[in-house]
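What follows is each chain in one-letter form.
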Amino acid sequence: MVESAGCRDIPSPLVTLKSLVDPLDLEKTFGRHATLHVDLGCGDGSFLCALAQRMPATNFLGIDRLLGRIRSATRKAAKIGNVRLLRMESSYAVRYLLPVGSVETFYLLFPDPWPKRRHWRRRIVTEDFLSAISQALVKKGTFRIATDQRDYFEKMKEMARANSNFAIIDPTVAHLPLTKFEKTFRAQGASIHWLELRKISPVR
C-alpha cells in the first residue's frame, strides 16, 4: 500500500550513501514502496519538485553532481515527502546504485551537449549508458530526453535505433513542467527536440 507523500514528519530529502557499490534500498530511502521516477541532472530541482507535487503517489529521485544545485534542490524539496536527492554523477548512479528493474521513468533534460566534435566523448548518452538505463528500467519503462541541440538529438536517436532494448515512441511530454533551460530556449526561439524510448524485450 502506498502511503501519502504529504505526511507530517518528512525526512531530509538528501540521500546519504553508506556504500558506493551497493544498490540503493529504495523502500528504506523513501519510507514506502512506490513507483520510481528519476531526474538525471536535476539542477536546482524546479522540474523535479513541480512534477513530484503533481504525482504524490510516485517516488522521485533527483541526481546531480554539483553541490550548489543539490543544495538549491534540497531547499525546494524540504516539504515534499516524495522527493529524494543524490549528489552523484548520473552515469555512475545509473550503472551502480539503481537496482535492476526499479525505475519506471528516467528524465534527461538538456544534458551538456559538448558541441565540439573533439568533446563528444564527454557526452553522457553513449551505447553503454543506454544499456545501463535499460537495466534499471522496469518492463516497458520509459526514458525521456530533451535537447536544443539538433546534432546531439540525431546522434541519440541513432544510438537508440541500434539498441535492441529500446523502441522509439511518440513523445508524451505535453503535461510536463517546463525546466529553466526550456523556458530560456523557448524565449530565444530555439527548437526543443524530444526523444522518448520505451524498454522492450529484445527479439531473439
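Check the entry above for the structure.
A short tour of the structure in this document, coming up. (Residues numbered from 1 in each chain as written. Predicted model: local features only at pLDDT ≥ 70, side-chain atom pairs only at ≥ 80, totals over all residues. Heavy atoms only, no water.)

**Details of the overall build of the protein chain**
(1) Moving on: From N to C terminus, the protein chain includes 7 helices and 7 strands.
(2) Moving on: Listed by position from the N terminus, the elements making up the protein chain come as α-β-α-β-α-β-α-β-α-β-α-β-α-β.
(3) Moving on: Once the C-alpha set of the protein chain is aligned to its principal axes, its extents read approximately 50 × 45 × 30 Å.
(4) Moving on: Restricting the contact set of the protein chain to residue pairs at least 6 apart, pairs at least 24 apart contribute 77%.
(5) Moving on: Taken as a whole, the protein chain presents about 11200 Å² of accessible surface, with 51% of it coming from carbon and sulfur. (Helix = DSSP H or I, 4+ residues; strand = E, 2+ residues; numbered from the N terminus. Contact = heavy atoms within 4.5 Å. Areas by Shrake-Rupley, 256 points an atom, 1.4 Å probe, with all protein chains shown as cover.)

**As for helix H4 (residues 90-97)**
(1) Moving on: The complete set of buried residues in H4 reads Ser90, Ala93, Val94 and Leu97. Buried residues of H4 fall within an arc of 120° about the axis and therefore sit on the same side.
(2) Moving on: Packed against the buried residues of H4 are strand S1 (36-40), strand S2 (59-64), strand S3 (83-87), strand S4 (103-109) and helix H5 (127-136). (Buried < 20%, exposed > 50% of the residue type's maximum accessible area, 1.4 Å probe, protein only. Arc of directions from axis to C-beta.)

**A short note on the environment of Ala132**
(1) Moving on: In this fold, Ala132 is placed in helix H5.
(2) Moving on: With relative accessibility at 11%, the residue Ala132 sits in the buried group.
(3) Moving on: Each C-alpha atom of the pair Ala132 and Arg87 lies 19 Å from the other, and the pair is 45 residues apart in sequence.
(4) Moving on: Residues in contact with Ala132, not counting those within four places in the same chain, are Val94 and Arg95.

**Points about the layout of surface pockets**
Here the idea is plain: a probe the size of a water molecule rolls over the atoms and shows the empty space left.
(1) Moving on: Taken as a whole, the largest pocket holds about 850 Å³ of empty space.
(2) Moving on: Taken together, 33 residues line the largest pocket, and the ones lying closest to its centre are Gly41, Arg69, Phe110, Pro111 and Asp112.
(3) Moving on: Breaking the lining of the largest pocket down by element, the ones donating at least two residues are S1, helix H2 (46-54), S2, H4, S4 and helix H7 (180-187).
(4) Moving on: The dominant element in the lining of the largest pocket, judged by the number of residues it contributes, is H7, at 3 residues.
(5) Moving on: Taken together, the residues of the lining of the largest pocket break down into 15 nonpolar, 8 polar and 10 charged.
(6) Moving on: As a volume, the second largest pocket reaches approximately 400 Å³.
(7) Moving on: Around the second largest pocket, the lining comprises 16 residues; the ones closest to its centre are Val15, Thr16, Leu24, Lys28 and Thr29. (1 Å grid on protein atoms, 1.4 Å probe; cavity = no way out; pocket = protein on both sides within 12 Å on 5 of 7 lines; lining within 4 Å. Points joined across faces, edges and corners; volume = space filled by probe spheres on them. Nonpolar A, V, L, I, M, F, W, Y, C, P; charged D, E, K, R; others polar.)

**As for the sheet that holds S1**
(1) Moving on: The mixed open sheet is built from 7 strands, whose spatial order is S3-S2-S1-S4-S5-S7-S6. The open sheet terminates on both sides in strands that have one partner only, identified here as S3 and strand S6 (166-169). For this sheet the average axis-to-axis angle between neighbouring strands, irrespective of direction, equals 20°.
(2) Moving on: Where S2 meets S3, 5 bridges bridge the pair, whose relative direction is parallel. The partner of Phe60 across the bridge, within S3, is Val83.
(3) Moving on: Each of strand S5 (137-147), S6 and strand S7 (193-199) is contacted by helix H6 (residues 150-162), which is oriented at about 15° to S7, the strand it contacts most. (Pairing = 2+ DSSP bridges. Axes fitted to C-alpha atoms, helices over the stretch in contact; angles between N-to-C directions.)

**A short note on the pattern of salt bridges**
(1) Moving on: Summed over the entire model, instances satisfying the criterion amount to 8 salt bridges.
(2) Moving on: Its salt-bridge partner being Lys76, residue Asp44 comes within 3.6 Å of it at the nearest N-O pair. Remark: Lys76 occurs in helix H3 (residues 67-77) and Asp44 occurs in the loop between S1 and H2; sequence separation between them is 32 residues.
(3) Moving on: Given a relative accessible area of 39%, Lys76 falls into the partly exposed group.
(4) Moving on: With its nearest N and O atoms 3.8 Å apart, the salt bridge here joins Arg69 to Asp64.
(5) Moving on: Relative accessible area serves as the criterion here: at 38%, Arg69 is assigned to the partly exposed category.
(6) Moving on: What makes Asp64 buried here is its relative accessible area of 4%.
(7) Moving on: Overlapping salt bridges bring together Asp44, Lys76 and Lys180 as one network. (Salt bridge = Lys/Arg side-chain N within 4 Å of Asp/Glu carboxyl O.)

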